[in-house]
Every structure is written in C-alpha cells, then in structure tokens.
Amino acid sequence: MENSTAPNYWIFQAHTKGIRLKDALQAEQLKSFTVRAHHQKMTPGDKVIIWKTGKNKGCYALATLTSSVDQTVIADQERPFFLKLPSTKDRVQLRVDYNLWNKPITPDLLSPSSVFDHFNVGLPGLNYEATAAQYQALVNLVRRYEAVHEPAEAYANRKPGRHPLNLILYGPPGTGKTFQTLNHALAILEGRSLAELALEERPRLRERYLGYQEEGRIRFLSFHQSYAYEDFVEGIKAQTTDGQINYVIEDGLFKQICQAAAAQPDRPYVLIIDEINRGNIASIFGELITLIEADKRLGRPEAIQLQLPYSKSAFSVPANLHLIATLNTADRSVETLDVALRRRFTFYEVAPQPAVIGRVAEQPVLVGIDLERLLLHINQRIEVLLSRDYCIGHSYFLHISTLDELRQLFLEKIIPLLQEYFYSDYARIGLILGRDFVTEQARPTDGLFADFEHEYLNELADKKLYRLRPVEELDAAAFIRVYTKDYE
C-alpha cells in the first residue's frame with residue numbers, strides 16, 4: 001500500500017561497476033534497488049530519481065517505491081543485469097513510471113534550472129535525498145520530451161551536426177509533422193540535438209524560430225495543386241507602370257534562399273515545404289531536382305550548375321541549405337511518390353502514438369472516457385479496413401478538456417476524415433465507431449422503386465442504408481463503447 005501522506009523524494013544511483021542499468025530498463029526488468037542509507041524514512045509511494053553515474057551519466061528513469069526496505073531477494077529476471085550481485089539484502093521494490101533508457105536526461109539539460117543547484121548526484125553512495133521541486137522539474141522535462149511526438153529511433157540516430165540535407169517527415173494527419181519542423185530547423189541552425197531542444201519550453205523555441213525567419217535563414221511554404229516552377233524558382237511576371245505593361249523576371253522562394261545561403265556558406269539555412277505531396281514535384285522542381293543531391297551541391301566534387309530558362313543565369317544549390325518537408329500519407333503514400341523524390345530525400349515516419357495522450361494531454365481521461373484507448377481502437381480498425389497510412393494522429397486529442405470539446409472534435413475533424421477515407425460508406429464508419437454513431441436508416445418496406453423490371457430488384461430492395469447520428473446527441477457512454485462494446 002502506497003503512502004497516503006506527502007511522499008519523500010530520493011536519488012538512487014546506479015554505478016557502472018554494479019549494474020547494467022540501461023539494459024535492465026530496456027528489458028523492463030528493474031524491479032528493486034539496494035538501500036544503504038535512510039532505511040527508516042523510505043515508505044511506499046515515495047518518488048525516486050534513478051541516476052546513472054560514469055561516462056554516460058544522467059537520469060534514466062523516474063520511479064515510485066512500492067514497498068518499505070526489507071530483505072527482498074533479487075528476482076531471477078533481474079539477476080542477469082548485475083555485474084556483481086549486491087552484498088546487502090536490504091532492498092526496496094519499485095515501479096518505473098518514466099523509462100528513459102533510450103533518451104536519458106543528461107546534466108547539461110538540467111543546468112538552466114536553479115532547482116538543481118544542490119543536486120546530490122555523482123557522489124560515492126547509492127541513496128540520497130532529493131526535493132519535490134527537483135522531481136517535478138524532471139517530470140516536466142520528460143513530458144516536454146514526449147510532446148515532440150517523435151519516435152525514439154530518431155533521437156538515437158541523430159547527432160548534433162549530422163542532420164540530413166533533404167528530409168521528409170511523413171505520416172497520417174494529426175501526428176505533429178508540421179509541429180516538428182520547428183525543432184528540426186532549430187537543431188540544424190544551432191548545431192544541437194533534437195533531444196536537447198525537446199526539453200525546452202515551446203515559446204522559447206518559437207521565439208528563436210521567428211527570429212531566424214526574420215533573418216531569412218528559415219523560409220516556410222506550402223505546396224498546392226496550382227503551385228508552379230515559376231513560383232518556386234523563377235518566372236516572368238507582368239507589372240504595370242504608368243499604364244504600361246512590363247514583363248520582368250521574378251525570383252521564386254527557392255532561388256531566393258539559395259542565393260542567400262550561397263552568400264553566407266558558413267551559416268546553415270533551412271527551407272520548410274509543408275504538404276510536399278500536394279504539388280506536382282516534377283513541374284515545381286523541374287531540372288533542379290538533381291541539384292539538391294548532396295554530392296551535386298555547390299562546392300562538392302560532383303557539383304552541377306544549370307542555366308535557368310528565364311534569366312539565363314547559372315544556378316546551383318549551396319551545400320548549406322537544408323530542405324525539410326512534410327508528407328500526409330492519407331493524401332499519398334510514400335510508395336506512390338515520384339521516384340526522383342524518394343531517391344533524394346531521407347524519410348522519417350511520424351506515426352500516431354496514442355500513449356502520448358496519457359502522458360501529456362490536458363485531460364487524458366475525460367468524464368470516464370479514456371482518450372488513449374479511444375484512439376488506439378479507432379486506429380486498429382482503420383488499419384485493417386484501409387492501411388496504417390490512414391490512421392488518425394494523437395495531436396487531435398491533446399487539448400480536449402470537456403465532453404463538448406470532444407464532440408466538436410469528432411464533428412469537425414474525426415468524422416469528416418472517416419467520410420473522406422470511406423467515401424461516405426457509413427457502414428464502414430459504423431465498423432470503426434459503432435452503433436451509437438451510425439444507425440440504420442428507416443425506409444418504406446415495400447413499393448420503394450418505380451414499376452420497372454430489374455434482375456437485382458430484390459437485392460436492391462433489401463439493401464440497408466445508414467446515417468450518422470448527430471454528434472451533439474452522444475453522451476460519454478457512446479465514446480466509451482467505441483473501445484468497450486458491452487459498457488452500460
């Protein structure tokens with residue numbers, strides 16, 4: 001039974017010569033810890049900062065004690081992770097609440113906060129006192145970490161200064177692709193890792209992002225069906241001066257940022273292209289698609305220069321210009337993209353992560369509705385009926401705090417998406433959401449059709465029709481039944 005009073009806060013240090021902490025956490029087998037100090041003060045419900053010492057030091061987990069200190073025997077599943085079994089049997093059992101084995105919070109990420117001025121880590125012993133403020137600050141960092149909604153592999157594989165020149169973030173709607181472009185752009189311009197930036201407050205990141213935009217080092221545009229080469233690179237535009245029409249060559253946004261980057265080759269520049277798949281890539285890039293390849297950039301061994309069709313000027317793409325694009329897989333899958341685009345971009349999937357709702361949503365359980373389970377079951381059914389490219393992103397559910405707001409979300413976003421996916425086939429939408437959302441439509445039992453002979457007349461007369469129930473009529477139970485069918 002956990003302590004009903006205010007919990008105590010502790011630091012448990014894992015020394016490199018004692019336990020393979022990272023491996024134990026990855027296997028989800030850290031169940032207990034040795035106690036050599038403060039035995040009498042530790043009670044169930046206390047909060048623990050699991051800190052690894054040594055070369056890769058940092059906070060690798062946050063946990064809750066589930067027992068008092070006793071003569072706990074090390075479980076068989078834990079034993080393989082000890083380099084040397086502890087000599088003492090005084091141990092305490094714990095539950096890991098935040099497992100950070102693949103993206104620990106390192107000391108440099110703690111330095112901006114004064115609550116860590118007196119932080120008892122790096123000392124010889126195992127158990128030290130912490131403060132509620134320190135524990136809560138780490139929880140806040142973890143939640144902001146998760147709010148970036150990016151797969152762990154991206155953090156593990158990306159190092160400062162090693163960002164792809166051409167990157168596409170792809171995934172279904174609502175997964176935070178455009179949201180993430182800000183972090184990717186700042187990581188490039190500031191030579192920092194995504195993991196480090198993820199722990200900063202969003203307003204601070206946004207402020208710096210806007211500053212870089214004002215400098216011209218970040219440019220943002222969205223492709224659409226009518227967007228053309230003349231908008232992107234250069235084109236001839238008509239201008240009227242004193243009643244006379246003149247035709248001038250006007251530079252497009254891509255040409256502008258290429259020229260700016262070439263003038264300052266020691267500083268990185270970023271062009272963000274939102275919804276890249278909505279434009280005609282071959283038409284927009286034209287012959288320049290080859291020039292964005294890393295080895296074809298200005299100053300590289302295989303650099304290529306082309307003559308532009310309108311200005312007749314020589315043009316090449318500088319090596320310090322990064323392209324970041326987003327791609328909505330509900331509009332077009334990666335497999336159907338132009339081969340030229342797929343060959344020249346690095347692709348990172350930004351998939352729905354329902355579990356993020358439980359960690360960072362304003363109201364993860366709303367009047368009894370578990371939003372994480374709700375989205376999980378909806379996406380499982382969509383994946384069976386269509387594919388994972390059409391699943392629904394978790395970001396839709398992060399700022400829902402009332403039942404009315406949830407109804408509005410379904411009315412304005414979720415149901416229209418399903419109607420688009422299934423071409424208003426309400427029977428399939430019923431398979432996704434259930435009878436509370438889709439009901440059978442009443443109609444005349446006989447004499448429905450005009451006097452006419454048809455070979456499938458009986459089948460057509462028996463065909464069932466469905467309609468959507470008005471969302472404003474739905475109560476909390478209707479949403480719960482999406483994932484718990486027998487809920488009353």
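Residues numbered from 1 in each chain as written. Predicted model: local features only at pLDDT ≥ 70, side-chain atom pairs only at ≥ 80, totals over all residues. Heavy atoms only, no water.

Per the secondary structure count, the chain includes 16 helices and 19 strands. For the C-alpha atoms alone, the extent of the chain along its principal axes is close to 90 × 75 × 40 Å. A total of 488 residues make up the chain; the buried ones form 44% of that total. Of the contacts formed within the chain by residues at least 6 apart in sequence, a portion of 70% connects residues at least 24 apart. (Helix = DSSP H or I, 4+ residues; strand = E, 2+ residues; numbered from the N terminus. Buried < 20%, exposed > 50% of the residue type's maximum accessible area, 1.4 Å probe, protein only. Contact = heavy atoms within 4.5 Å.)

Before going further, it helps to spend a moment on the confidence of the model for the chain. Across the chain, the average pLDDT comes to 88, with 94% of residues at or above 70. At the low end of the mean pLDDT range in the chain sits helix α3 (residues 152-157), at 37; at the high end sits strand β11 (residues 269-274), at 97. Segment residues 147-160 is flagged for pLDDT under 50; beyond a separation of four residues in sequence, or across chains, it makes 37 contacts in the model. (pLDDT = per-residue confidence, 0-100.)

Moving on, we get to the sheet that holds β11. Reading across from one edge, β8-β11-β14-β7-β15 is the order of the five strands in this open sheet, with parallel pairing throughout. Two strands close off the open sheet at either side, each with one partner strand: β8 (218-222) and β15 (346-349). Along the sheet, successive strands turn relative to each other by an average axial angle of 20°, direction set aside. The pairing of β11 with strand β14 (residues 321-328) spans five bridges and is classified as parallel. (Pairing = 2+ DSSP bridges. Axes fitted to C-alpha atoms, helices over the stretch in contact; angles between N-to-C directions.)

Take a nonpolar patch on the surface next. On the surface, L448, F449, Y456, L457 and L460 cluster together into a nonpolar patch covering about 430 Å² of accessible area. Note on placement: L448 falls in the loop between β18 (438-440) and α15 (457-462). The exposure class assigned to L448 is partly exposed, which follows from its relative accessible area of 37%. (Patch = residues over 30% accessible without salt bridge, like charges linked within 9 Å, V, L, I, M, F, W, Y side chains within 5 Å. Areas by Shrake-Rupley, 256 points an atom, 1.4 Å probe, with all protein chains shown as cover. Salt bridge = Lys/Arg side-chain N within 4 Å of Asp/Glu carboxyl O.)

Summarising burial for strand β7 (residues 166-171): six of the six residues are buried, a large majority. Side-chain alternation along β7 places N166, I168 and Y170 on one buried face and L167, L169 and G171 on a second face that is also buried. Of the pairings in the sheet, the one linking β7 to β15 comprises four bridges and is parallel in character. When the bridges of β15 are listed, L167 appears paired with T346.

This part is about the pattern of salt bridges. Taken as a whole and judged by the stated rule, the model has 17 salt bridges. A salt bridge links R388 to E349; the shortest N-O distance between them is 2.8 Å. A residue pair is termed long-range when its members are at least 10 positions apart, and R388 in the loop between α12 (371-385) and α13 (403-421) and E349 in strand β15 qualify at 39 residues. R388 gets classed as partly exposed once you look at its relative accessible area, which sits at 44%. You can call E349 partly exposed: its relative accessible area is 29%. Here R481 ties to D436 by a salt bridge, and the two come within 2.9 Å at their closest N and O atoms. With R481 in the segment after α16 (476-480) and D436 in the loop between α14 (426-433) and β18, the pair connects residues that are 45 residues apart, well separated along the chain. A single salt-bridge network, built from bridges that share partners, covers E293, D295, K296 and R344.

Turning next to the side chain of E293. For E293, the location among the structural elements is in the loop between α9 (281-285) and β12 (306-307). For E293, the residues in contact, after removing those within four places along its chain, are N166, R343 and R344.

So, on to the packing of aromatic side chains. Under the definition given, this model contains 17 aromatic pairs. When the centroid spacing of 4.7 Å and the interplanar angle of 5° are considered together, the rings of F232 and F254 count as stacked. Of this pair, F232 sits in helix α7 (residues 229-232) while F254 is found in helix α8 (residues 253-263), placing the two residues 22 residues apart along the sequence. Summarising the burial analysis for this pair, F232 and F254 share the class buried. Within the aromatic cluster, the residues linked to one another by ring pairs are F223, Y227, F232, F254, F285 and F315. R202 extends its terminal NZ or CZ atom over the ring of F179, reaching a point 3.7 Å from the ring centre. (Phe/Tyr/Trp six-rings, centres within 6.5 Å; stacked < 30°, edge-to-face > 60°. Lys NZ or Arg CZ within 6 Å of the ring centre and 35° of its normal.)

With that settled, the discussion passes to the packing of α12 against α14. At their nearest, the axes of α12 and α14 sit 8 Å apart, and the two run at 140° to each other. The angle between the axes of α12 and α14 places the two elements in the oblique class. Here I378, R381, I382 and L385 of α12 come into contact with α14, specifically with R428, L431, I432 and L433. (Parallel < 35°, antiparallel > 145°, perpendicular 65-115°, else oblique.)

For the pair helix α4 (residues 177-190) and helix α6 (residues 202-215), interaxial distance at closest approach is 10 Å and the crossing angle is 65°. Classed by the angle they form, the pair α4 and α6 counts as roughly perpendicular. Like other packed secondary-structure pairs, α4 and α6 cross with a definite hand, here left-handed. Between α4, through F179, L182, N183, A185, L186, L189 and E190, and α6, the contact on the second element is made entirely by R202, L205, R206, R208, Y209 and Y212. (Left-handed = near helix turned anticlockwise from the far one by under 90°.)

It is worth spelling out the sheet that holds strand β5 (residues 91-99) at this point. Spatially, β2-β5-β4-β3-β1-β6 is the arrangement adopted by the six strands of the open sheet, whose pairing is mixed. Two strands lie at the open edges of the sheet, namely β2 (32-34) and β6 (127-129), each paired on one side alone. The mean inter-strand angle of the sheet, taken between neighbouring strand axes irrespective of direction, is 40°. With three bridges connecting them, β2 and β5 associate as antiparallel partners.

We now examine the environment of E383. Topologically, E383 is positioned in helix α12. Judged by its relative accessible area of 42%, E383 is partly exposed. For the pair E383 and Y212, spaced 171 residues apart in sequence, the C-alpha separation works out to 40 Å. Filtering out sequence-adjacent residues up to four positions away, E383 remains in contact with R388 and C391.

Within the chain, K312 stands out as a residue other than glycine whose phi angle is a positive 60°. You can see K312 is positioned in the loop between β12 and β13 (314-315). A relative accessible area of 52% places K312 in the exposed class. Phi is positive for V367, which is not a glycine, with a value near 40°. Relative to the elements of secondary structure, V367 occurs in the loop between β16 (365-366) and β17 (369-370). Judged by its relative accessible area of 53%, V367 is exposed.

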